[in-house]
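# Tertiary structure, described
These are the residues of each chain, in order.
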Amino acid sequence: MDRKSNSTTKGGHSIVRILGSPVNSLTLEETVQALGSAWAEDRQRVAHVVTANAEMLYQSSKDKELAEIIEAAEIVTADGAGVVLASRILGSPVPERVAGFDLMVECLKEASRTSVPIYFLGAEPHILNKAVANARELFPGLNVVGSHHGYFRDGEDESILDEIYSLKPCLLLAAMGVPRQEKWIYRNKKKLPPCVAMGVGGSFDVLAGKSRRAPLWMQRAGLEWFYRVIKEPYRLGRTAVLPAFLFAVLNQAAHRK
Ligand code: UDP
């Protein structure tokens, strides 16, 4: 590891360590390429993709299981302006933000081109159905082999896992919020078929038209978090960890010198 810049490599990819967690230094295009080859290969295991925002990285510095999950993940993307800023502060800037929704859309595009089997897991039943219908309309040729809403009890896990296993998707999109989706994938890795399994948060809500993304200028200015707080004020509490996250990153940078 380059102690001055916090950058190192993991699984053949360059990463930056932010509050102890690895974040891949990849563009959106490079991430899709890496995932495309992962699901094209004859894989033996689940490749877990975590789209990490500042809130999740801060949470992982307090939640041991979440930290373990991020450490074990095959790919961790820099999902948010706060994470991109942190990588700059630490002297190892990631090339760009790779937001969960953008990654999901690009993966759907790529998967529709090659008819890769996909499973949608998460969101409320009617939102899930609308998200699948819209995805099929947006990406003709999309091979959705199954779906299940995200409001199931612990005891219902087994039948959902059996269904996913029998349908053998190459791409599993899990939209049940952070950290539920990450913990669910991690805890069930051995019961899932070999696939790329990705937590995509509220992305089915956006795909279904229930919620909207910030205008492009706000996304580019790193203000998407602000837009979401205005639209969904209950998020204010969650966003309040941002200053603590930046303070912890500055502390990490100071101790590096
Ligand atoms: N959700 C779910 N099961 C749950 C809790 C939430 O499927 O037990 C869904 C919820 O309907 C929404 C998504 O998970 O579609 C969470 O969206 P949010 O924007 O809160 O995601 P985050 O910010 O945590 O990534």
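Heads up: the structure comes first, above all this text.
These numbers come from a predicted model, not from an experiment.

## Some details on the pattern of salt bridges
Side chains that differ in charge, positive against negative, can pair when their charged atoms come close. Evaluated as defined, the whole model comprises 13 salt bridges. One salt bridge in this structure joins Glu65 and Lys183, with 3.7 Å as the shortest N-O distance. Taken together, the residues Glu65 in helix H3 (residues 64–72) and Lys183 in helix H8 (residues 180–187) connect sequence positions 118 residues apart. Residue classification places Lys183 among the buried positions, given a relative accessible area of 15%. The shortest N-O distance in the salt bridge between Arg213 and Glu224 comes to 2.8 Å. Placement of Arg213 in the loop between helix H9 (203–207) and helix H10 (216–220) and of Glu224 in helix H11 (residues 224–231) is noted, with a sequence separation of 11 residues between them. With relative accessibility at 18%, the residue Arg213 sits in the buried group. Judged by relative accessible area, Glu224 falls into the buried class, the value being 8%. Residues joined by salt bridges that share partners form a network here, namely Asp79, Arg97, Asp102, Arg213 and Glu224.

## With respect to the pairing of strand S5 (residues 75–78)
Where a strand is regular, its side chains alternate between the two sheet faces. Burial along S5 is two-sided: the face carrying Ile75 and Thr77 and the face carrying Val76 and Ala78 are both buried. By the bridge criterion, 4 bridges tie strand S4 (residues 47–52) to S5 in an arrangement that is parallel. By the bridge assignment, Ala52 is partnered in S5 with Ala78.

## What to know about the packing of aromatic side chains
Geometrically, a pair of aromatic rings is defined through the distance of the ring centres and the angle of the planes. By the definition in use, this model includes 3 aromatic pairs. Here the aromatic rings of Trp225 and Phe226 are separated by 5.8 Å at their centres, their planes lie at 70°, and the arrangement is edge-to-face. On the basis of relative accessibility, which here comes to 38%, the residue Phe226 falls in the partly exposed class. The cationic tip of Arg180 hangs over the ring face of Phe152; the distance from NZ or CZ to the ring centre is 4.7 Å.

Analysis parameters
Residues numbered from 1 in each chain as written. Predicted model: local features only at pLDDT ≥ 70, side-chain atom pairs only at ≥ 80, totals over all residues. Heavy atoms only, no water. Salt bridge = Lys/Arg side-chain N within 4 Å of Asp/Glu carboxyl O. Helix = DSSP H or I, 4+ residues; strand = E, 2+ residues; numbered from the N terminus. Buried < 20%, exposed > 50% of the residue type's maximum accessible area, 1.4 Å probe, protein only. Pairing = 2+ DSSP bridges. Phe/Tyr/Trp six-rings, centres within 6.5 Å; stacked < 30°, edge-to-face > 60°. Lys NZ or Arg CZ within 6 Å of the ring centre and 35° of its normal.

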